[in-house]
Amino acid sequence: MTMFRSARRTQDTGPAPEALRLVKVTRTYGEAESAVTALDGVTLGLARGTFTAVMGPSGSGKSTLLQCAAGLDRPDSGIVMVDGTEMTSGGEAERTRFRRDRIGFVFQQYNLLPTLTVAQNTVLPLRLARRRVDGAHAREVLTSLGLGDRLGHLPEQLSGGQRQRAAIARALITRPRVIFADEPTGALDTRSAREVLALLRRAVTEHGTTVVMVTHDPLAASHADTVVFLADGRLAGELRAPTVDAVAERLAHLGDDAPLGA
Ligand code: ADP
Ligand code: MG
């Protein structure tokens, strides 16, 4: 890990920047009386090569947090920095370019294009970014995810677990700095879920990727290095080296008046 980081650094300018930094990120939906503050001044920093789970009750702002951090949505105020570079507050096109260069996203419902094969879905982000498509690399990634014999299959010919693995291949293909996953195991059986979690972990250990995963499952969260809790759009504490029991315990008390463990 350390070797990987220092090998990639070209300038002697102090410590490597964090993979992700949010400063007072706020996102409100709707207007006036019907306005909902989905994120309320969230400040958060994540080191490179870490695996973080985001948990909290339904409606607490987890998806909004991921979408804002990933550049799929735009905060009303606050700053998002990925790998030391501020996400442009410019136009949609700029934000899209920024996202394509640095970020991968995995969705609960896979979001594969039904008319494209597994291989075509996987290299789609490269095509969209007009980057060179390295077929051998794509095959290698898919093979390492256990899909080497499914390259020409359509999504509908795959199981849920295989579809999610194809979606992970698509997220990995651009070698992003950060992968965001919103309930990636939410639609999967236990065994497929475990495979997906192991693959996300491998992205961290083998490529130094930073992974941020929303989940409501304490078992899934226990695969992460740290769990951060959200309640009502605000951070409500974190748990390092989470165990299933510790996560469940924290979740059960999140609604309490003193959520920060006071
Ligand atoms: P979570 O993922 O934790 O369930 P969300 O981030 O999806 O929470 O939602 C946080 C809050 O913002 C909720 O009250 C939700 O209803 C609201 N919200 C989310 N997306 C929208 C939207 N596009 N329009 C209006 N309200 C939204
Ligand atoms: Mg959500």
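These notes cover the structure that comes with them. Quick caveat: nothing in here was measured; it's all calculated off a predicted structure. Residue indices begin from 1 for each chain and proceed along its sequence in written order. For naming, the first written chain is A and the first written ligand is 1, with later ones following in the order written. Side-chain atom pairs in this predicted model are given and counted only at pLDDT of 80 or more, local residue features only at pLDDT of at least 70, and totals for whole chains, interfaces and linings cover all residues. Values reported for side chains reflect all heavy atoms of the structure, with hydrogen atoms and water molecules removed beforehand.

### Things to note about the pattern of salt bridges
As a reminder, the rule being used: Salt bridge criterion: a side-chain nitrogen from Lys or Arg within 4 Å of a carboxyl oxygen from Asp or Glu. Counting from the N terminus, the helices are the DSSP runs of H or I reaching at least four residues and the strands are the DSSP runs of E reaching at least two. Each residue is assigned to one of three classes by its accessible area relative to the maximum for its type, calculated with a 1.4 Å probe on protein chains only: buried under 20%, partly exposed between the two thresholds, exposed over 50%.
Scanning the model with the defined rule gives 13 salt bridges in all. Note that Asp73 and Arg27 form a salt bridge whose closest N and O atoms lie 2.9 Å from each other. A residue pair is termed long-range when its members are at least 10 positions apart, and Asp73 in the loop between helix H2 (62-70) and strand E4 (77-82) and Arg27 in strand E1 (residues 20-29) qualify at 46 residues. For the pair formed by Asp73 and Arg27, the shared burial category is buried.

### Description of the site of ligand 1
This is how the line gets drawn: For each residue, the test is whether any non-hydrogen atom lies within 4 Å of the molecule or strand; if one does, the residue is near. We define a polar contact as two N or O atoms separated by no more than 3.5 Å, with the added condition that, inside protein, one atom must be a possible hydrogen donor and the other a possible acceptor, whereas residues neighbouring each other in sequence contribute only through side-chain atom pairs.
Every residue close to ligand 1 is listed here: Tyr29, Val36, Ala38, Pro57, Ser58, Gly59, Ser60, Gly61, Lys62, Ser63 and Thr64. Contact distances for ligand 1 include 3.1 Å between an oxygen atom and a backbone N or O atom of Gly61. Contacts to ligand 1 include Ser63, whose backbone N or O atom sits 2.9 Å from an oxygen atom. If you tally residues by element for the shell around ligand 1, the top one is H2, at three residues.

### Some words on empty space enclosed by the protein
Just so we agree on the cut-off: Method remark: on a 1 Å grid restricted to protein atoms, a set of points is classed as a cavity if a 1.4 Å probe fits but cannot get out and as a pocket if it is open with protein on both sides within 12 Å along at least five of seven lines; lining residues have an atom within 4 Å of a point. Grid points are joined across faces, edges and corners, and a volume is the space filled by probe spheres set on the points. Each residue is assigned to one of three groups, with Ala, Val, Leu, Ile, Met, Phe, Trp, Tyr, Cys and Pro labelled nonpolar, Asp, Glu, Lys and Arg labelled charged, and all others, Gly among them, labelled polar.
Taken as a whole and judged by the stated rule, the model has one cavity of 30 Å³ or more. The space that makes up the largest cavity amounts to roughly 40 Å³. In this structure, the largest cavity is lined by Leu20, Leu22, Leu44, Leu46, Val54, Leu65, Leu66, Ala69, Phe180 and Val212. Residues that form the lining of the largest cavity fall into these classes: ten nonpolar, no polar and no charged.

### A word on the nonpolar core
Put simply, the rule is: By nonpolar core we mean a set of buried residues, namely Ala, Val, Leu, Ile, Met, Phe, Trp, Tyr and Cys, connected to one another through side-chain atoms within 4.5 Å. A contact between two residues is defined here by any heavy atoms of the two lying within 4.5 Å.
Membership of the largest hydrophobic core comes to 44 residues, with the highest contact counts inside it found for Ile168, Met213 and Val227. At seven residues, the largest contribution of residues to this core is made by helix H7 (residues 190-207). Sequence-distant contacts of Met213, defined by excluding residues within four places in its chain, comprise Phe51, Thr52, Ala53, Val54, Ala181, Pro184, Leu197, Leu200, Ala220 and Ala221. In this structure, Phe105, Val178, Val212 and Val228 belong to the second largest nonpolar core, which totals 26 residues.

### Points about the sheet that holds strand E6 (residues 103-106)
Our working definition: We treat two strands as partners when DSSP finds at least two bridges between them. Fitted lines through C-alpha atoms give the axes, limited to the stretch in contact for helices. The angle between two N-to-C directions lies from 0 to 180 degrees.
Taken together, the six strands give an open sheet; going across it, the order is E6-E7-E8-E3-E9-E10, and neighbouring strands pair in mixed fashion. Among the strands making up the open sheet, the edge pair consists of E6 and strand E10 (234-240). Across the sheet, the axes of successive neighbouring strands diverge by a mean angle of 20°, strand direction being ignored. With four bridges connecting them, strand E3 (residues 51-55) and strand E8 (residues 210-214) associate as parallel partners. Directly across from Ala53, in E8, lies its bridge partner Met213. Contacts from H2 reach E3, E6, strand E7 (178-182), E8 and strand E9 (226-231) within the one sheet, and its direction differs from that of E7 by about 155°.

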